[in-house]
Amino acid sequence: MRQSTLFATTLRQSPADAEAASHRLLLRAGFIRQLAAGIYAYLPLGRRVLAKIEGIVREEMDRAGAQEMLLTALQPAELWQASGRYEVYGPELVRLRDRHDREFALGPTHEEVITTLVKHDIRSYRRLPFTVYQIQTKFRDERRPRSGLLRGREFLMKDAYSFDTSWEGVDRSYRRMYEAYVRIFERCGLRFRAVEADPGAIGGEGGTHEFMALAEAGEDTIASCTRCGYSANLEKAEAGLPEEDADGTAGVEERRGAIAEADVEEAERIYTPGIRTIEQLTSFLGIEPRCVIKTLLYVADGQPVAVLVRGDHEANETKLLRALNAEQAELADADTVASVTGAPPGYAGPIGLGIPILVDEAVARMQSGVCGANEADYHVRRAVPGRDFAVHRTGDFRNVREGDRCPRCGQGELRLGRGIEVGHVFKLGTKYSEALGAAFLDAEGRERPLLMGCYGIGVSRLLAAIVEQRHDDKGIVWPAAIAPYRAHIVPVSARDETQVRVAERLYEELVRQGIETLLDDRDERAGVKFNDADLIGIPFRIVVGKQAGEGLVEYTVRADGEKRLLTVEDAIARIRAAAAAT
Ligand code: ATP
Ligand code: MG
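Residues numbered from 1 in each chain as written. Chains lettered and ligands numbered in written order. Predicted model: local features only at pLDDT ≥ 70, side-chain atom pairs only at ≥ 80, totals over all residues. Heavy atoms only, no water.

Asks: Even after reading the chapter, I still don't get a negative patch on the surface, so can you show me in this structure?
Replies: Judged by side-chain charge, Glu317, Glu330, Asp333 and Asp335 come together as a negatively charged surface patch. Examined against the element boundaries, glutamate 317 turns out to sit in helix H9 (residues 317-324). (Patch = residues over 30% accessible without salt bridge, like charges linked within 9 Å, V, L, I, M, F, W, Y side chains within 5 Å. Areas by Shrake-Rupley, 256 points an atom, 1.4 Å probe, with all protein chains shown as cover. Salt bridge = Lys/Arg side-chain N within 4 Å of Asp/Glu carboxyl O. Lys, Arg positive; Asp, Glu negative; His and termini not counted. Charge placed at Lys NZ, Arg CZ, Asp CG, Glu CD. Helix = DSSP H or I, 4+ residues; strand = E, 2+ residues; numbered from the N terminus.)

Asks: Please explain the packing of helix H2 (residues 44-63) against helix H6 (residues 167-187) as it appears in this structure.
Replies: H6 packs onto H2 with a crossing angle of 150 degrees between their chain directions and a minimal axis gap of 9 Å. The angle between the axes of H2 and H6 places the two elements in the roughly antiparallel class. For the pair H2 and H6, the sense of crossing is right-handed. Facing H2, whose interface residues are Ile56, Val57, Glu59, Glu60, Met61 and Arg63, H6 presents Met177, Ala180, Tyr181, Arg183, Ile184 and Arg187. Here the contact of H2 with H6 is composed, by residue class, of 7 nonpolar, no polar and 5 charged. (Axes fitted to C-alpha atoms, helices over the stretch in contact; angles between N-to-C directions. Parallel < 35°, antiparallel > 145°, perpendicular 65-115°, else oblique. Left-handed = near helix turned anticlockwise from the far one by under 90°. Contact = heavy atoms within 4.5 Å. Nonpolar A, V, L, I, M, F, W, Y, C, P; charged D, E, K, R; others polar.)

Asks: Hey, could you run me through the packing of aromatic side chains in this one?
Replies: Each aromatic ring pair is summarised here by two numbers: the centre-to-centre distance and the angle between the ring planes. Here the structure, examined in full by the defined rule, presents 12 aromatic pairs. When the centroid spacing of 5.4 Å and the interplanar angle of 40 degrees are considered together, the rings of phenylalanine 31 and tryptophan 478 count as tilted. Here the residue phenylalanine 31 occupies a position in the loop between helix H1 (21-28) and strand E1 (32-36), and tryptophan 478 occupies one in the loop between strand E26 (475-476) and strand E27 (487-491), the gap between them amounting to 447 residues. Residues phenylalanine 31 and tryptophan 478 agree in their burial class; the two are buried. Taking 6.3 Å as the distance between ring centres and 40 degrees as the angle between the ring planes, the aromatic pair formed by phenylalanine 192 and phenylalanine 211 counts as tilted. (Phe/Tyr/Trp six-rings, centres within 6.5 Å; stacked < 30°, edge-to-face > 60°. Buried < 20%, exposed > 50% of the residue type's maximum accessible area, 1.4 Å probe, protein only.)

Asks: What is the right way to read the nonpolar core from this model?
Replies: Nonpolar side chains in soluble globular proteins tend to end up buried together. One finds Leu26, Phe31, Ile53, Phe185 and Trp478 to be the most contacted residues of the largest nonpolar core, which totals 59 residues. Each of domain 1 (23-237 + 416-468) and domain 3 (487-581) contributes no fewer than three residues to this core. In this structure, phenylalanine 31 is in contact with Leu26, Ala41, Tyr42, Leu43, Leu45, Gly46, Val49, Ile476, Trp478, Pro484 and Ile536, ignoring residues within four places of it in sequence. In terms of nonpolar packing, the next biggest core, distinct from the first, is built from 26 residues, Leu79, Ile114, Phe163 and Leu450 among them. (Core = buried A, V, L, I, M, F, W, Y, C linked by side-chain atoms within 4.5 Å. Domains from an automatic or database assignment.)

Asks: For this particular structure, what's the right way to read the packing of H1 against helix H13 (residues 459-469)?
Replies: When two helices pack together, their arrangement is given by the angle between the helix axes and by the axis-to-axis distance. One way to put it is that H1 packs onto H13 with a least axis distance of 8 Å and a crossing angle of 100 degrees. Taken together, the axis directions place H1 and H13 in an arrangement best described as roughly perpendicular. Mapping the contact onto sequence places Ala21, Ser22, Leu25 and Leu26 in H1 and Leu463, Ala464, Val467 and Glu468 in H13.

Asks: Just to check I follow, could you spell out the site of ligand 1 for this structure?
Replies: Lining the immediate environment of ligand 1, one finds 14 residues, of which Glu142, Arg151, Gly152, Glu421 and His424 sit closest. Valine 422 is positioned with one of its backbone polar atoms (N or O) 3.2 Å from an oxygen atom of ligand 1. One of the backbone nitrogen or oxygen atoms of glycine 458 is found 3.2 Å away from an oxygen atom of ligand 1. Contact with the protein chains covers 81% of the free accessible surface of ligand 1, which is 590 Å². In terms of residue count, the dominant contributor to the shell around ligand 1 is strand E21 (residues 414-429) (4 residues). (Near = heavy atom within 4 Å. Polar contact = N/O pair within 3.5 Å; in protein donor to acceptor, adjacent residues only side chain to side chain.)

Asks: Is there a simple way to think about the domain arrangement of the chain in this case?
Replies: Accessible area lost when the parts come together is the quantity often used to give the size of an interface. Partitioning the chain into domains gives domain 1 (23-237 + 416-468), domain 2 (250-395) and domain 3 (487-581). Taken together, the 6 residues of domain 1 in the interface contact 4 residues of domain 2. Roughly 370 Å² is buried in total at the junction of domain 1 and domain 2, and carbon and sulfur atoms are behind 37% of that figure. Taken together, the links from domain 1 to domain 2 amount to 3 residue pairs in polar contact (both at pLDDT 80 or more). When its residues are assigned to classes, the side of domain 1 that touches domain 2 shows 3 nonpolar, no polar and 3 charged. (Buried area = accessible area lost by both parts, 1.4 Å probe.)

Asks: How should the side chain of threonine 517 be read in this particular structure?
Replies: Within the element layout of this structure, threonine 517 appears in strand E28 (residues 517-519). In terms of polar contacts, threonine 517 uses its side chain to reach the backbone carbonyl oxygen of isoleucine 515, at 2.8 Å.

Asks: So what exactly am I meant to see when it comes to unusual backbone geometry here?
Replies: Comment: phi is negative for the bulk of residues other than glycine, and the bulk of peptide bonds are trans. With an omega of 0 degrees, the peptide bond running from leucine 128 to proline 129 counts as cis. Here proline 129 shows up in the loop between helix H5 (111-121) and strand E7 (130-139). In the Ramachandran plot, serine 147 falls in the positive-phi region, its phi being about 55 degrees despite a non-glycine side chain. Take serine 147: it is sitting in the loop between E7 and strand E8 (154-164). The phi torsion at arginine 382 lies on the positive side, around 60 degrees, for a residue other than glycine. When you line up the elements, arginine 382 lands in strand E19 (residues 378-383).

The structure is reproduced here in structure tokens:
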């Protein structure tokens, strides 16, 4: 490709609203352009990278035995009504009407469509199992589209669906997709982790993993063990035993008994004027936050509940929802707090509270603690769980913290890091097959619902996640496997006949050898061309300069800045070897 005719302009300035590096660089380097919030066009360079990623995804899906299809973006609303998601999905679902006033949705995902198709075509266990996939544009009217391709309203997804006759089959299909994902992300040169995730709203009975690209720009927090392979989303990550219990000698019940017997002095009501926050309370009393019992009031599916966590811990709403089997929960407003506790916010406590109380394990294990007194300007000192307030229900209701002991191996510590969800594998079970009536006849002729799994990769998000990991202050540094071109030829001066001749010859030779090459044939200053080349980030560059007449060119590797003066032949050989290695 000749750069003089390439439809891509590099921009000197970063767009003001672009915060994420991938957003900024993809715009500046001429890979994408925004048409509206969260809606982007791929210019030729961007399209080439996308096609490379699609190619890898397709190869690995095919290798895993999945069959490619192409489903429709326009989906009749009835399918969504039948699955019960027409309402649940909310405003993220793009809805429209045709000329006959019939309702449609623009597909944000395709469980309904594929299950309906399979329902009409598959009757017997003999035609099962199978997995299908597609690479297609999805539409989600995200509340906050952000960071360019990382969260778009129109984006490219690979979605796959497996159909099995048994849970063992689902496990096999799931494992096969999981392994394909590992290969896909490795081939894309991504640093990633597969983490245990919470099933959330999509529903289902089995397991789920999210594939997280490790990057600061990520919206998700991941906890990983320093010793074993344990890795989980913050929503899901289990809090291990507190340090003092980690030897496992004392079970919760035993400890609780021991505490009840220990003679902690009577609880005492203390005057704490205007003290509402943990920080104020700890500095007022001169105690550590871990000595405080924090009482959080939530309204879960319309019902008030209290959650007790230690002062140095945060409540985890996902765990709360699970424990309560509730759809949604939010912190109670001041009015609710007042009516439940009889006090303004900041003074809630568990003693005498007439609502269900969920007690985090770490609180259940406290000898005693300071808590709110359900009265303005008062707290209670030496409140003992089980003695001064009922401990009906204990469990893991908090977020893990950096340095917590690993819940899996009990040896390592948890580290927290940021991640971008690039893929998701999910055992769905019969959720959609039952709702939509997709059944098969087993060997005994009995009708049974199909067992499903679903598997997504955000192809366009993956592209951006790779840029988040692969860039420097000059621009993008593409891994060779997905770069828009392998080689970039830059003659220093477009007016030097020898340079132009050598560059043209080199270009023809590389193209003849099947190596994708970009030739900067623009009549620009050398500095401009070099800056653009760094910005665009093609892995191997050949600069044709003053020594072109002697048959020497400069070979540069974008990733590490390695530079060598080589003969034209050697430069070609190197690029060929590097291309063969990826
Ligand atoms: P998120 O939590 O980021 O909103 P999700 O759980 O809604 O993601 P899924 O429904 O599992 O995502 O979709 C499968 C994959 O599609 C995700 O793993 C992600 O890589 C990608 N994806 C989801 N939403 C977007 C979006 N708005 N823009 C780009 N990619 C997306
Ligand atoms: Mg989402």
